[in-house]
Amino acid sequence: MPYQDVFVLFWEQVKESVQEGRFAKLTMAKTIGKPDLRNIFVRPVASEDGFKVLVKLRYRSKETEDVENELTLDEAFEVLKSHLKKPFLSVLLFSTTKDVTFKINKKGAGSITENLPTFHEVKQAENDAE
């Protein structure tokens, strides 16, 4: 199955974990080569106007400052989707009941695997951008 379709299925699990209060964080890592963008982290953040996440783009270069944005889940989906395959090949969802890994193989096919949870409680991110 093309990775884009599998990513949509993966994102359904992300949304489900948010709705059930199990979402701990999400990480994009494992890049192709050594691009300047090293990781993308998504954490829940306290917000008065619905569920929001803090999306942090961490760069390899010390000259490039990390970028943090408070976004809705749908906005975060668009950011993550734009970085799939170029440069990131995997996305890890950490929830309090299971860890879910989305991966893209060399042929461009996506897969989802589940493991035991890393986190047992949800912690809100602190937004340093304010």
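Please refer to the structure placed before this passage.
Keep in mind the model is a prediction, meaning the values are calculated, not measured.

Draft legend 1. Structural detail: helix H1 (residues 3–19). With 17 residues, H1 extends 24 Å from end C-alpha to end C-alpha; this agrees with the ideal 24 Å at 1.5 Å per step. Turning to H1, its buried residues number three or more, namely Tyr3, Val6, Phe7, Phe10, Trp11, Gln13, Val14, Ser17 and Val18. Relative to the axis of H1, the buried residues are bounded by an arc of 155° and lie together on one face. Turning to H1, the residues buried within the fold contact strand E1 (23–31), helix H2 (73–82), strand E5 (88–95), strand E6 (99–104) and strand E7 (110–115). Looking at the residues trailing H1, positive phi occurs at glycine 21, about 70°.

Draft legend 2. Layout of the nonpolar core. The biggest cluster of nonpolar side chains holds 29 residues, and the ones touching the most others in it are Phe7, Phe10, Trp11, Leu26 and Phe102. The biggest single contributor to this core is H1, with seven residues.

Draft legend 3. Broad picture of the environment of tyrosine 3. One can find tyrosine 3 in helix H1. In this structure tyrosine 3 comes out as buried when scored by relative accessible area, which is 14%. Separated by 82 residues in sequence, tyrosine 3 and lysine 85 have C-alpha atoms that sit 8.9 Å apart. Those residues within four positions of tyrosine 3 in sequence are excluded, and the remaining contacts are Leu84, Lys85, Phe102, Ile104, Gly108, Ala109 and Gly110.

Basis of the calculations
For every chain, the first residue of the written sequence is number 1, and numbering continues from 1 onward in sequence order. This being a predicted model, a pLDDT of at least 70 is required before a residue's local features are given, and a value of 80 or more before pairs of side-chain atoms are given or counted; all residues contribute to the totals for chains, interfaces and linings. Computation of side-chain values: all heavy atoms of the structure, hydrogens and water removed. In this description a helix means any DSSP run of H or I spanning at least four residues, a strand means any run of E spanning at least two, and both kinds are numbered starting from the N terminus. What a helix is expected to span follows from its residue count: subtract one and scale by 1.5 Å. Categorising residues by exposure relies on relative accessible area from a 1.4 Å probe, with only protein chains included: less than 20% of the type maximum marks a residue as buried, more than 50% marks it as exposed, and the intermediate range marks it as partly exposed. Along the arc lie the directions from the helix axis toward the C-beta atoms. Only heavy atoms enter the contact rule, under which two residues are in contact if any of them lie within 4.5 Å. Residues belong to one nonpolar core when they are buried, are Ala, Val, Leu, Ile, Met, Phe, Trp, Tyr or Cys, and are joined through side-chain atoms within 4.5 Å.

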